[in-house]
Amino acid sequence: MKNIHRNLIQATVLAIAPIALSSHAQDVNYPTSGVKIIVPFTAGGAADVLTRQLAENLRAKLGQSWVVENRTGAGGNIGMEAVKTAAPDGHTISSATIGTLSINQFLYSNLSYNPVSDFVYVSKIWENCNAFVVAPSHPATNVKEFLDWAKAKPNGVTFGSAGVGTTPHLAGELFRVRTGIQATHIPYRGAAQSMPALMSGETDFAIDNIASYTPLIQAGRVKALAVTCAQRWPTMPNVPTMAESGVRDFLVTSWGAFVLPKGTPMAIANKLSNAIKEIASDPAVKEKFLATGALAVSSTPAETAAFAESERTKWREVVRISGAKLD
């Protein structure tokens, strides 16, 4: 009986230990001073706007000041390097993206950071969809009709983007491969040139950030044939997904995530991840993010790292096929 009793006590202690550790992680004294979130892109873009919204929520929830700093250049690489070399105490965070965590390592041969080993992953923070858009005068009313039209063109079709190596460029290359059409990429210097080119019919299609094109779609200046997320987008319920349109294995979203410098204690990463989870579940936050063109999301540190790795698997091959290089 004594042995049985002893075993029961040991089993109970083992069962409680993870809970106690988790609780301890929750109670870690963080933050102890102001927090700086580095956005590796220009002010006013989606990543910047969404990060600033989240920073305000984190300030209210965790205390201290939360300041967003834009550290731009080299496709986000300069900002990522600044976080890599910061003190690993949780007070410098990178608001990273699909590009800086899952694509740039295949575009740049001499990347100044390793997205796998130089950071502690915290949580996804936002996700947005892309829209497959054509000029309003285009004869196609759905993706199937577009593909029939494209395959009948002797010299193929064209698609535009804001530059080589951007998500719209790589999404267009992936669409070409998945559907078997002949398509040529036309890089522009930015959205200010690529959008008018699409509207005028200078290019035949684009697969780009839904937030950027929503005003044009609503005004009838471009036509959305599909969205590239898993479900229909909340603000465009009548636009089918690529899967519904017959294009399988074409899930293309843009997303952001928080990462910390390597060596940051996991207790800090877990506390920050849990705070983001609570914030992202707030209906008011969800509504505010959606108004900006994104979904408020969250994930555990392990889930975030695994997701970024799954994205690398996809985009490594797409970059290879496209031949894109940014050195």
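Report follows, based on the coordinates. (Residues numbered from 1 in each chain as written. Predicted model: local features only at pLDDT ≥ 70, side-chain atom pairs only at ≥ 80, totals over all residues. Heavy atoms only, no water.)

### Things to note about the pairing of strand β8 (residues 223-227)
β8 sits mainly inside the fold: 4 of its 5 residues count as buried. When strand β4 (residues 119-134) meets β8, the two strands line up antiparallel, connected through 4 bridges. Bridge pairing in β8 links Val-133 to Ala-224. (Buried < 20%, exposed > 50% of the residue type's maximum accessible area, 1.4 Å probe, protein only. Helix = DSSP H or I, 4+ residues; strand = E, 2+ residues; numbered from the N terminus. Pairing = 2+ DSSP bridges.)

### Brief notes about the packing of aromatic side chains
Aromatic ring pairs are reported here in terms of the distance separating the ring centres and the angle at which the planes meet. Going through the model one piece at a time under the given rule, you end up with 10 aromatic pairs. Ring plane angle 70° and centroid distance 5.9 Å describe the contact between Tyr-113 and Phe-119, whose orientation is recorded as edge-to-face. Taking the relative accessible area as the measure of exposure, Tyr-113 reaches 4% and is therefore buried. Residues Phe-132 and Phe-175 carry aromatic rings whose centres are separated by 4.9 Å and whose planes lie at 45° to one another, so their mutual orientation is tilted. Pair noted here: Phe-132 is in strand β4 and Phe-175 is in helix α7 (residues 167-179), with a separation of 43 residues, a long-range link. Through a chain of ring-to-ring contacts, the aromatic side chains of Phe-132, Phe-146, Trp-149, Phe-159, Phe-175, Phe-205 and Phe-250 assemble into a single cluster. (Phe/Tyr/Trp six-rings, centres within 6.5 Å; stacked < 30°, edge-to-face > 60°.)

### With respect to α7
Compared with the 18 Å implied by 1.5 Å per residue over 13 residues, the 18 Å span of α7 between its first and last C-alpha is a close match. Listed in full, the buried residues belonging to α7 are Thr-167, Pro-168, His-169, Leu-170, Ala-171, Gly-172, Glu-173, Leu-174, Phe-175 and Thr-179. Count one or two residues on from α7 and you reach Gly-180, which has phi positive near 80°. (Expected span 1.5 Å × (residues − 1).)

### A closer look at the packing of helix α2 (residues 46-62) against helix α11 (residues 283-292)
When two helices pack together, their arrangement is given by the angle between the helix axes and by the axis-to-axis distance. Across the interface, α2 lies against α11 with an axial gap of 10 Å and an inter-helix angle of 165°. Considered as vectors, α2 and α11 are oriented roughly antiparallel to each other. Note on packing geometry: the crossing formed by α2 with α11 is right-handed. Of α11, the residues touching α2 (which contributes Val-49, Leu-50, Gln-53, Leu-54 and Asn-57) are Val-285, Lys-288, Phe-289 and Thr-292. Looking at the contact of α2 with α11 residue by residue, the classes come out as 5 nonpolar, 3 polar and 1 charged. (Axes fitted to C-alpha atoms, helices over the stretch in contact; angles between N-to-C directions. Parallel < 35°, antiparallel > 145°, perpendicular 65-115°, else oblique. Left-handed = near helix turned anticlockwise from the far one by under 90°. Contact = heavy atoms within 4.5 Å. Nonpolar A, V, L, I, M, F, W, Y, C, P; charged D, E, K, R; others polar.)

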